[in-house]
Structures are given as structure tokens and as C-alpha cells.
Amino acid sequence: SGPFVSGLLHPLIVPAHILILIAFALWLGRQAGDAIRRAVISFAVALIAGLIAGTLRSLPPAIPLAAALLCGTLAAWGPQLSARVAAMIAVTVAALIGFDTAEDDVAAASGVWTGAHLIVLNVVALSMRAQAPWMMIATRVAGAWIAAIALMLLALSLRASA
């Protein structure tokens, strides 16, 4: 497999990244249409910026895990926020993932960009279709599980670095 495929799979094999992306998308799918549109566009642009900045240095492992914890909490809580706030959250998530990736190869970075978008767009679409009460509860439970997993990984990461 080439660098594009490696990049495409990157968001799936980095635990913090997949947790952040799924939790963010679960929450985003429950937002109003304008918030979703703005957030997806903001995510696309910020991920490019983050991938470019990520070539400068990488983040400590605790930062993406803390972001996964926060996104999982947001998905579990499920608040309706304004389109502007949703876009700011999208920028933060995308920039963090891009900055944490540290990929010098353009083909691999393009793969990361594509893979992250495939995850977000598909999970948003699933979350938007979850209209039955039990499906909305399942979405929140998934967010809570992501938060719990992120908290455990964060605790292990902090303990290992101490």
C-alpha cells in the first residue's frame, strides 16, 4: 500500500483520533442543518491547516486523549449549540488531529484528510438518521463510552509519563 492508503487508514488506527472523530460526529449529527454545514466546511479547512502545522512538531499523547474525553462528553450531553460554536469546535478538533498527525508526505496527508472526512461525514449521516428515542439514547451512550475509554487511556498515558 502506498502513502495515500497509509494516510487514509491513519485516523482508524490511532485510538485518540478515531475516538475524537466519532464523538465529534455523533454530537454534530444532532445539531441544526446550518451548524452541520458550517462545521463540516470549517473542519475541512482547519484539517488542512493542522496537517501543514503538524510537520513542525507533535503533541504530547495526553492532549488528543483529553480532546477525545471532551468530545465524548459533548456527544453524551448532546447540547444544541449555535452554528458559530459548532464551527469553532470543528476547527479545534480538525486542527488538533492535523497537528497531531505530523505527516510530511503530501499523498499521506491527503489520505489522512480523506479518511478523517469519511469518518466524520458517515457518522454525522448516521447520527442525523437516529430519530427514534432509543437511537438518540444509543447515540448518547456511545458518547459516554467514548468519554470513558478516553479517560482510561488518558490515565494510562499520564501514569506512563510520570
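Here, every reference points to the structure presented above.
Rules and cut-offs
- Residues numbered from 1 in each chain as written.
- Predicted model: local features only at pLDDT ≥ 70, side-chain atom pairs only at ≥ 80, totals over all residues.
- Heavy atoms only, no water.
- Helix = DSSP H or I, 4+ residues; strand = E, 2+ residues; numbered from the N terminus.
- Rg over C-alpha atoms; globule rule 2.2 N^0.38 Å.
- Buried < 20%, exposed > 50% of the residue type's maximum accessible area, 1.4 Å probe, protein only.
- Expected span 1.5 Å × (residues − 1).
- Contact = heavy atoms within 4.5 Å.
- Polar contact = N/O pair within 3.5 Å; in protein donor to acceptor, adjacent residues only side chain to side chain.
- Core = buried A, V, L, I, M, F, W, Y, C linked by side-chain atoms within 4.5 Å.
- Patch = residues over 30% accessible without salt bridge, like charges linked within 9 Å, V, L, I, M, F, W, Y side chains within 5 Å.
- Areas by Shrake-Rupley, 256 points an atom, 1.4 Å probe, with all protein chains shown as cover.
- Salt bridge = Lys/Arg side-chain N within 4 Å of Asp/Glu carboxyl O.
- Phe/Tyr/Trp six-rings, centres within 6.5 Å; stacked < 30°, edge-to-face > 60°.

Visitor: Break down the overall build of the protein chain for me, with residues and values.
Guide: Regarding its fold elements, the protein chain presents seven helices and zero strands. Along the protein chain, helices (α) and strands (β) appear in the sequence α-α-α-α-α-α-α when read from the amino end. Relative to the compact-globule value of 15 Å for 162 residues, the protein chain shows a C-alpha radius of gyration of 15 Å, a close match. The dimensions of the protein chain, computed from C-alpha atoms along their principal axes, are 45 × 35 × 30 Å. Each of the 162 residues in the protein chain was classed as buried or not, and the buried ones make up 44%.

Visitor: Before we move on, can you summarise the environment of Gly-78 with the specific residues and values?
Guide: Its place among the elements puts Gly-78 in the loop between helix H4 (62–77) and helix H5 (83–101). As for Gly-78 and Leu-28, which are separated by 50 residues in sequence, their C-alpha atoms are 8.8 Å apart.

Visitor: For helix H6 (residues 106–129), give the residues involved together with the corresponding values.
Guide: Compared with an ideal rise of 1.5 Å per residue, which puts 24 residues at 34 Å, H6 spans 35 Å between its outermost C-alpha atoms and is within 8% of the ideal. Those residues of H6 that fall on the buried side of the exposure criterion are Ala-108, Ala-109, Gly-111, Val-112, Gly-115, Ala-116, His-117, Ile-119, Val-120, Val-123, Val-124 and Ser-127. Residues of H6 that are buried sit in contact with helix H1 (3–13), helix H2 (15–28), helix H3 (33–53), H5 and helix H7 (133–161). Measuring from the backbone nitrogen of Ala-107 back to the side-chain oxygen at the start of H6 gives 2.9 Å, which picks out Asp-105 as the cap.

Visitor: Describe in detail the nonpolar core, supporting the description with residues and values.
Guide: Ranked by size, the top nonpolar core spans 40 residues in total, and within it Ile-20, Phe-24, Trp-27, Leu-28, Phe-43 and Val-93 carry the most contacts. Breaking this core down by element, the ones donating at least two residues are H2, H3, H4, H5, H6 and H7.

Visitor: Tell me about a nonpolar patch on the surface, and please be specific about residues and values.
Guide: Taken together, the side chains of Phe-4, Val-5, Leu-9, Leu-12 and Ile-13 make up a nonpolar region of the molecular surface, amounting to roughly 450 Å² of accessible area. Within the element layout of this structure, Phe-4 appears in helix H1.

Visitor: How would you sum up the side chain of Ser-157? Please name residues and give values.
Guide: Following the sequence through the fold, Ser-157 ends up in helix H7. When sequence neighbours within four positions are dropped, the list of residues in contact with Ser-157 reads Pro-61, Ala-62 and Leu-65.

Visitor: A description of the environment of Ser-58 should follow, citing residues and the corresponding values.
Guide: Positionally, Ser-58 belongs in the loop between H3 and H4. In this structure, the C-alpha to C-alpha distance between Ser-58 and Asp-100, residues 42 residues apart in sequence, is 5.3 Å.

Visitor: Quick rundown of the pattern of salt bridges? Include the residues and the values.
Guide: As enumerated under the stated definition, the model contains one salt bridge in all. For Asp-34, the salt bridge goes to Arg-38, with nearest N and O atoms at 3.6 Å. Linking Asp-34 with Arg-38, this pair stays in helix H3, spanning four residues, or about one helical turn. The class for Arg-38 is partly exposed, based on a relative accessible area of 40%.

Visitor: Please give an account of H3 that cites residues and values.
Guide: End to end, H3 covers 30 Å across 21 residues, agreeing with the expected 30 Å (1.5 Å per residue, within 8%). When H3 is considered as a whole, its buried residues turn out to be Ala-35, Ile-36, Ala-39, Ser-42, Phe-43, Ala-44, Ala-46, Leu-47, Gly-50 and Leu-51. In this fold, the buried residues of H3 make contact with H2, H5 and H6.

Visitor: For the packing of aromatic side chains, give the residues involved together with the corresponding values.
Guide: Aromatic rings in a pair are described by how distant their centres are and how their planes are angled relative to each other. Using the criterion set out here, one finds two aromatic pairs in the structure. On the numbers, 5.9 Å between centres and 15° between planes, the contact of Phe-24 with Phe-43 is stacked. Remark: Phe-43 occurs in helix H3 and Phe-24 occurs in helix H2; sequence separation between them is 19 residues. Judged by its relative accessible area of 1%, Phe-24 falls in the buried class. Look at Phe-43 and you get buried, because its relative accessible area is 1%.

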